[in-house]
Each structure stands twice: as C-alpha cells, then as structure tokens.
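Survey of secondary and tertiary structure
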Amino acid sequence: MRIGELAAAVGVTTRTVRHYHHQGLLPEPERLANGYRDYTLRHAVVLARIRRLTELGLGLAEVRDVLAEDAGKDLAEVLTELDEDLARQEAAIRERRARLRALLETDGQLTAEGPVSPELASVFGDLAHAATDSPMAAKDREMLALIDSMASVKDREQLMGMLRDALTSPEAKARALKAYALLDALADADPADPRVDEAARVLAECVPHGLLPQETVDHDDSFMRAFYADFAPAQAEAIRRTLRILAGEGP
C-alpha cells in the first residue's frame, strides 16, 4: 500500500502517518525501487491501534508505552491512569460549572470589574448606593477586584468581612459618598490644593480599623508608585496623606 491508501483505510491523514513515523510510533516501511514506501497489513494494524488509543485520550508518550515490546506499562495500567485523570477533569469541570451558575444567579457578581467572589459581590451590593457615574467609585471597585483575585481565600474572607461591616451603617455609606465626591473634585486640582487635606481626612474615616498593616507604607515602593500613577496628582496626594494618617504619621 501507498501512504495515501494506508491513511484512507485507517481513517487518518497522510500528515498524521508521517507524524507517527517522526514520533517513532509507526515503523517506516521498506521503500520500493521507485522510492515509494510499501506499507503492509501490519502497518495498518498498528496504525489503527494508535488511532483507537489516541481517541481514548492517551497522549503519544502513553501510546508509545503501550506499543513498546518491553512495555514499561501495560494497557490496563495506562487506561486506569487515564480514567483517573478524566475523573479529575470531570470534577474540575463540575466545580467550574457550579461557579458559573453562582455567577449567573447572582447579578451583583456580574459587574464591569467581575466576575468576583461572592464575598466581594456582597461588598459591591453594599456600595450600590454610590453614584455609578463617580470615577473614583469605579477605581475603588477595580482595586477591590484586584485584591479579590490576589488574596488567599482566608485573607479575602477576612478583608471582605471588614469592608462589609464598615459599610452597613447609613453614616458609613454617607462618608463613602462624601469621600468619592471629594476625590472626584480633585481630578484637575493641584496637589497643594487645600481640599486635599479634607479628602484625606474623610477617606481615612472610611477605612475599617485593621484593614491596613500597622507598619509604615513605603510610598516609593514600585507597586505604590504604579498605584499612585493611576490617579490624578491631587488624588494621589490625598491617598498618600490618608495612608500617613492611618499609620499615625499625620497628614
């Protein structure tokens, strides 16, 4: 048989046959005087077996183990491992589908910053009172979504719990609205604008106790520089002063 006839008989492409030659799975046949490969029935049997094994989900390295004469693993062992791997994949898919169902059933998680964890979705629900057209409120949600994705499960639950507790009272919600408004007003202001101090003070009052580490913040750290660069100069200065207030350093 020619390579095209072999491929057609087994139901694969000639490119697949050549790939199996290259991988050492299918022995190359003798060549005739005219240079064409002369495939035998044995080649068709081996090629058909390779096809069946790959359709089961075996990788080529596993197929090689099965086909090897001194087989490092017999077929039953390889198929058992494959079955266990498929079971793990099924479990992972079920978990992902459960998370998708939870997202679809909880509109609060389908935000512009989402998808987010159920804990942060609850916080966003508490922040729903904030004006949707506030640029600073949008930045706040973006930062919370970033923290949500970076934190461990334990840290995230603790953090979101503190935020949720801090946002439940009408007074806290009013302070948050005032802080957003003050910071939005600084978008085109000079860092020396006297409103910066007021914005810093109100923002500091919004931050739950224990939310930030007790040690002094390194404002020249690469992450903090990138953080400040995302804000207008006066807004960045207000946030910088807020952190100093929270660290007990004064504005």
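Rules and cut-offs
Residues numbered from 1 in each chain as written. Predicted model: local features only at pLDDT ≥ 70, side-chain atom pairs only at ≥ 80, totals over all residues. Heavy atoms only, no water. Helix = DSSP H or I, 4+ residues; strand = E, 2+ residues; numbered from the N terminus. Buried < 20%, exposed > 50% of the residue type's maximum accessible area, 1.4 Å probe, protein only. Areas by Shrake-Rupley, 256 points an atom, 1.4 Å probe, with all protein chains shown as cover. Core = buried A, V, L, I, M, F, W, Y, C linked by side-chain atoms within 4.5 Å. Contact = heavy atoms within 4.5 Å. Salt bridge = Lys/Arg side-chain N within 4 Å of Asp/Glu carboxyl O. pLDDT = per-residue confidence, 0-100. Polar contact = N/O pair within 3.5 Å; in protein donor to acceptor, adjacent residues only side chain to side chain. Axes fitted to C-alpha atoms, helices over the stretch in contact; angles between N-to-C directions. Parallel < 35°, antiparallel > 145°, perpendicular 65-115°, else oblique. Nonpolar A, V, L, I, M, F, W, Y, C, P; charged D, E, K, R; others polar. Phe/Tyr/Trp six-rings, centres within 6.5 Å; stacked < 30°, edge-to-face > 60°. Lys NZ or Arg CZ within 6 Å of the ring centre and 35° of its normal. Expected span 1.5 Å × (residues − 1).

Observations concerning the overall build of the protein
Assigned secondary structure in the protein consists of twelve helices and zero strands. Traced from its N-terminal end to its C-terminal end, the protein shows the element sequence α-α-α-α-α-α-α-α-α-α-α-α. In the protein, buried positions account for 32% of the 251 residues. Summed over its atoms, the accessible surface of the protein is roughly 15,400 Å², and 53% of this surface lies on carbon and sulfur atoms.

Section: the nonpolar core
Counting 21 residues, the largest nonpolar core has Leu183, Leu186 and Tyr228 as the members making the most contacts within it. Among the elements that make up this core, the one with the highest residue count is helix H12 (residues 233–246) (five residues). In this structure, Tyr228 is in contact with His219, Ala236, Ile239, Arg240 and Leu243, ignoring residues within four places of it in sequence. Among the nonpolar cores identified, the runner-up in size contains 19 residues, and Ala7, Leu25, Leu47 and Leu53 belong to it.

Focus: the pattern of salt bridges
Using the criterion set out here, one finds eight salt bridges in the structure. For the salt bridge of Asp230 with Lys139, the shortest nitrogen-to-oxygen distance reads 3.2 Å. Taken as a pair, Asp230 in the loop between helix H11 (222–229) and H12 and Lys139 in helix H7 (residues 135–150) lie far apart in primary sequence, 91 residues in all. The exposure class assigned to Lys139 is partly exposed, which follows from its relative accessible area of 23%. Residue Asp197 pairs with Arg241 through a salt bridge whose shortest N-O separation is 2.6 Å.

Comments concerning the confidence of the model for the protein
Per-residue pLDDT for the protein has a mean of 81; in total, 79% of the residues score no lower than 70. Within the protein, helix H6 (residues 118–126) has the poorest average pLDDT of any element, 68, and helix H2 (residues 14–22) the best, 94.

Thoughts on the side chain of Asp193
Examined against the element boundaries, Asp193 turns out to sit in the loop between helix H9 (170–185) and helix H10 (195–206). A polar atom in the side chain of Asp193 sits 2.8 Å from the backbone nitrogen of Arg195.

Here we look at the packing of helix H1 (residues 3–10) against H2
At a closest axis distance of 8 Å, the pairing of H1 and H2 adopts a crossing angle of 100°. Our classification of the angle between H1 and H2 gives roughly perpendicular. Across the interface between the two elements, Ile3, Gly4, Leu6 and Ala7 of H1 pack against Thr14, Val17 and Arg18 of H2. Of the residues that constitute the contact of H1 with H2, the class distribution is four nonpolar, two polar and one charged.

Some points on the packing of aromatic side chains
Within this structure, the stated rule accounts for two aromatic pairs. Linked through ring pairs, Phe227, Tyr228 and Phe231 together constitute an aromatic cluster. The ring of Phe231 is capped by Lys139, whose NZ or CZ atom sits 5.3 Å from the centre of that ring. Just above the ring of Tyr228 sits the side chain of Arg240; from NZ or CZ to the centre is 4.2 Å.

Some remarks on H10
Counted at 1.5 Å a residue, the expected span for H10 with its twelve residues is 16 Å, and the 17 Å between its end C-alpha atoms agrees. Taken together, the buried positions of H10 are Val196, Ala199, Ala200, Val202, Leu203 and Ala204. The inward-facing, buried residues of H10 abut H9 and H12.

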